Structure formats: structure tokens, C-alpha cells
Amino acid sequence: MSKVLVVTSGKGGVGKTTSTAALGAALAEAGQNTVVVDFDVGLRNLDLVLGAERRVVYDLINVVQGVAKLPQALIRDKRIDTLSLLPASQTRDKDALTEDGVARVIAELREKFDWVICDSPAGIERGAILAMRFADTAVIVTNPEVSSVRDSDRIIGMLDSKTEKAQRGERIEKHILITRYDAARAARGEMLKIDDVLEILSIPLLGVIPESQEVLRASNLGSPITLSNKTSAPARAYIAAARKLRGEQATIDMPGSRRLFGKLFGRRAA
Amino acid sequence: MNLLKFLRSRGSAPVARERLQILLSHERKSLGQSDLLATLREEILAVIARHVTLDPDKVEVKMDRGGTVSTLEVDIEIPNSAAAIAAASA
């Protein structure tokens, strides 16, 4: 059965697009037929992060308006053939998205793919609401920082009231993905700890992505980090998160604790 | 002075945590309340409007949350002509 997942946060710049690309590629590489959909109309970037910016012909709005058929707009990844992208429009304004149109496109994507991952725009406006509207599951990307945590709390409230699933009286599945985590700073009391964030938001944890130079390197190259450098710490964390999304019992790699265990027990702890 | 410096060196994260906890407990309450008030206002208005004509802008619904008791205040202004019609038809 196919699953629609929204990657959201409220605040901008916390890593929604990076996480969409990384999780999408990790799921696709595990053999899941996956499509990533860019909902950031007017400010599309998922194409760039995936290295597909020169292959965009039609976009989500063209499909919503019936100008193009869905297969014409889908871009298949050149590295993994189970990964596809539905890009956002760069020229239209965000009002071109209608609820009925989005519902139709999502329903069509559900038939073709195992995973439909919607990359939400920042904010709490129409585009963000439409990105989450038909989701079964939400990944809330949060930085261990006050404004990001506050905005995540706001988005959690919207997931519980504005999604179709919530309005039918069902529970929308929610996960926290903490990104840009610096274990050393958290240990020194300079950054909110993982437990602080989880206690404040009271949502289960999907994964912790450590702050890493590899993330920028991957976006420079136009390749999801789970493809460009699979053994890097952030890639491993994303791959484990993708496994968890599929319902597998993956242990969450806590940055910091590993280092301590590594010191105490040598490399066997890894 | 050294003690103060030591305490400050414990880091800013606990301050962030405490500020967030206070802020969010407040924001969650007020956001939830505005939804409840909107629903109450709409439904009360519908019931009254079945019997008397009223101006929807002249209906005020307020809620005060107290420690042990909360109060709901409903203030509806009914035009005299409408009240007279209602009384005549009763």
C-alpha cells in the first residue's frame, strides 16, 4: 500500500529539501518505488538538490491545470530508477495550486508509487497546508534551536487540525527529525539536547542528523547525501530513518553517545 | 564573581528549554481556545437566529480562563424591532 509523507517544519532553512532528497533516495535505494514532490511553488529547489535542474520540462502546476499529463512531468533519477521527481513551478504563483487539483495528482501518484514524499514550503500558508493536506505520515524537521522548535509546535497543531486524515477523525502519524545536531555543543549545555526537544514537542523521534560539512558538499554536487557519501554520519542517520519509516526496527544512532562508546569499547560498538 | 562565571558557563541551553516550555504551554492554550470560541460563537448564533433576527457583528463571545473556574460571557445585541416581532408571534 502506498504512503504519502509530508516533510514539513514551519520554519525555513532547517533542512526540509535536503531531508526530502536524502530520505527519498534512501527509500528508493531500498527498492521502494518513490516520488518526491516539490510543493514550493515559485521557489523550487528540490530539482537542484537532486541534480535534475536541467531536465525540468513540465511541473506540478502544469499537471494540476491539465496542461501536461503526470508521466510527462515526472523526472526519473539517472542514478536510481526507482526514484522520480515532480518539480514545482518556478514562474507561477502559489495560488495556481487548488485543493481539488492536488487531490487528483496525489491520488494518481498513489497508484504509481510506494512512497509519495511531499516537500513542504516554509510557513503556514496555503502551499504548506496543501503539502500536508493528504498525508498519512509527517516528518517534522527541527533544528535544536528555539525558533525552530516553536514553529514545529505550531506545525504539529496544524497537522492535527488541517489534514484530511485528522478531519476524518483519524490520527496522522508524526515523527521528529532533528537536523544540524552538534553533540559536543549539546554536552556543553550550549545547544538543546535531543531529550529537551522531544520532551517539549512530545512526538516520537525518527532520527538525529548530525551537523556535517558533507551536507553542503552533497547539495553542491546535486546528489542526495544518501547517494553521494553513503558512509558519512548524516547519510547513515538518514538511511536508518528511512528504514524506520518502513516500519523496521532500526536503532537510532545518537551522535555523541557513539563517540563515548567508541572510546570505551573500541570500534566494536559501531 | 568566580561562582557567577562558573554558573554562566553551564550554558544557555537550559534557558532555551525553560523559555520554550513556558511559551509553548501558553501558545497551545490560546490557539486551542480561539478554535473553541469560534465554534461556540457560530453555534450560539445559529440557535438565536432561528428565533430572532440579529446582526452577527453584534454578538460577542468571551472566555476567561481562571485557575479553578472559567467563565463564558455571551453578549448579544438584539434590535428592538426584531424583539417585538418575536414577542408578537409568540
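Values in this document were obtained by computation on a predicted structure and should not be read as measured data. (Residues numbered from 1 in each chain as written. Chains lettered and ligands numbered in written order. Predicted model: local features only at pLDDT ≥ 70, side-chain atom pairs only at ≥ 80, totals over all residues.)

Enquirer: Please explain the overall build of chain B as it appears in this structure.
Expert: Counting secondary structure elements, chain B contains 3 helices and 2 strands. In sequence order, chain B lays out its α and β elements as α-α-β-β-α. Expressed as a percentage of the 90 residues in chain B, the buried residues total 2%. Excluding contacts between residues fewer than 6 apart, the proportion of contacts in chain B whose partners are at least 24 apart in sequence is 42%. (Helix = DSSP H or I, 4+ residues; strand = E, 2+ residues; numbered from the N terminus. Buried ≥ 20, exposed ≤ 12 C-beta atoms within 10 Å, placed from the backbone. Contact = placed C-beta atoms within 7 Å.)

Enquirer: Before we go on, may I ask you to explain the nonpolar core in this structure?
Expert: For soluble globular proteins, the rule of thumb is that nonpolar side chains tend to be buried together. Core analysis: the largest hydrophobic core is formed by 82 residues, its most contacted members being L5, V116, C118 and Y238 of chain A. When sequence neighbours within four positions are dropped, the list of residues in contact with Y238 of chain A reads A22, L23, A26, I209, I225 and T226 of chain A. (Core = buried A, V, L, I, M, F, W, Y, C linked by C-beta atoms within 7 Å.)

Enquirer: Help me understand the sheet that holds strand β3 (residues 75–76) of chain A, please; the structure alone is not making it clear to me.
Expert: All names here are of chain A. Taken in spatial order, the 8 strands line up as β3-β4-β2-β5-β1-β6-β7-β8 in an open sheet, and their pairing is mixed. The open sheet is flanked by β3 and β8 (205–210), the only strands paired with a single partner. Sheet analysis places strand β6 (residues 137–142) next to strand β7 (residues 173–181), joined by 6 bridges and oriented parallel. Following the sheet pairing, T137 is matched in β7 by E173. Most of the contacts of helix α5 (residues 99–112) go to strand β5 (residues 115–119), to which it runs at about 140°, and overall it touches β1 (3–8), β2 (34–38) and β5. Lying on the sheet, helix α13 (residues 233–245) is in contact with β7 and β8; it crosses β8 at an angle near 170°. (Pairing = 2+ DSSP bridges. Axes fitted to C-alpha atoms, helices over the stretch in contact; angles between N-to-C directions.)

Enquirer: What am I meant to see in the interface of chain A and chain B here?
Expert: The extent of an interface is frequently quoted as the accessible surface area lost upon association of the parts. Listed as interface residues are 14 residues of chain A and, on the opposing side, 13 residues of chain B. The set of elements that each furnish at least two residues to the side of chain A that touches chain B consists of α7 (146–162) and α10 (194–201) of chain A. Along the lines of polarity and charge, the residues of the side of chain A that touches chain B split into 6 nonpolar, 2 polar and 6 charged. (Nonpolar A, V, L, I, M, F, W, Y, C, P; charged D, E, K, R; others polar.)

Enquirer: Would you explain the pairing of strand β1 (residues 59–64) of chain B in this entry?
Expert: For a regular strand, side chains alternate in direction, first toward one face of the sheet and then toward the other. Residues and elements named next belong to chain B. With respect to burial, β1 is a largely exposed element, only 0 of its 6 residues being buried. Sheet topology note: the β1/strand β2 (residues 71–76) ladder contains 6 bridges and is antiparallel. Bridge assignment links E60 to a residue of β2, and that residue is D75.

Enquirer: Is there a simple way to explain the environment of A233 of chain A in this structure?
Expert: Residues and elements named next belong to chain A. Checked against the element boundaries, A233 lands in helix α13. On the basis of neighbour count, A233 is assigned to the partly exposed category, with 18 C-beta atoms found within 10 Å. Through-space distance from the C-alpha of A233 to that of P255 is 8.7 Å; in sequence the pair is 22 residues apart. The residues touching A233, leaving out its near neighbours within four places in the chain, are P210, S212 and P255.

Enquirer: Where do I start with unusual backbone geometry in this structure?
Expert: Where the residue is not glycine, phi is negative for most of them; where a peptide bond is considered, it is trans in most cases. Residue and element names in this part refer to chain A. At R180, a position not held by glycine, the phi torsion is positive, near 55°. Inspection of the secondary structure puts R180 in strand β7. The class for R180 is buried, based on 22 C-beta atoms found within 10 Å. Non-glycine residue S202 carries a positive phi angle of around 40°.

Enquirer: What's the story with the confidence of the model for chain A in this structure? I'm lost.
Expert: Confidence in the prediction for chain A averages 92 pLDDT; 94% of positions are at 70 or higher. This model gives residues 261–270 of chain A a pLDDT under 50, and the stretch forms 6 contacts once residues within four places in sequence are excluded. (pLDDT = per-residue confidence, 0-100.)

Enquirer: So what exactly am I meant to see when it comes to α10 of chain A here?
Expert: Since there are 3.6 residues in each turn of an α-helix, residues three or four apart along the chain are aligned in direction. All names here are of chain A. For α10, the full list of buried residues reads I194, D196, V197, I200 and L201. Take α10 and look down its axis: the buried residues cluster within an arc of 165°, on one side only. S202 sits one or two positions beyond α10 and adopts a positive phi of about 40°. (Arc of directions from axis to C-beta.)

Enquirer: Quick question: what am I supposed to make of the packing of helix α1 (residues 16–29) of chain A against α13 of chain A here?
Expert: Residues and elements named next belong to chain A. Remark: α1 packs on α13, axes separated minimally by 9 Å, with the N-to-C direction vectors making an angle of 65°. Note on packing geometry: the crossing formed by α1 with α13 is right-handed. On α13, the residues that touch A22, L23, A26 and L27 of α1 are Y238, I239, A241 and A242. The residue inventory of the contact of α1 with α13, partitioned by class, reads 8 nonpolar, no polar and no charged. (Left-handed = near helix turned anticlockwise from the far one by under 90°.)

Enquirer: It is not clear to me how α1 of chain A should be interpreted in this structure. Could you clarify?
Expert: Residues and elements named next belong to chain A. Taking 1.5 Å per residue as the helical rise, α1 with its 14 residues ought to reach 20 Å, and the 20 Å between its terminal C-alpha atoms agrees with that figure. Among the 14 residues in α1, 13 count as buried, and that is most of the element. Immediately downstream of α1, the backbone of G31 shows phi near 95°, a positive value. (Expected span 1.5 Å × (residues − 1).)

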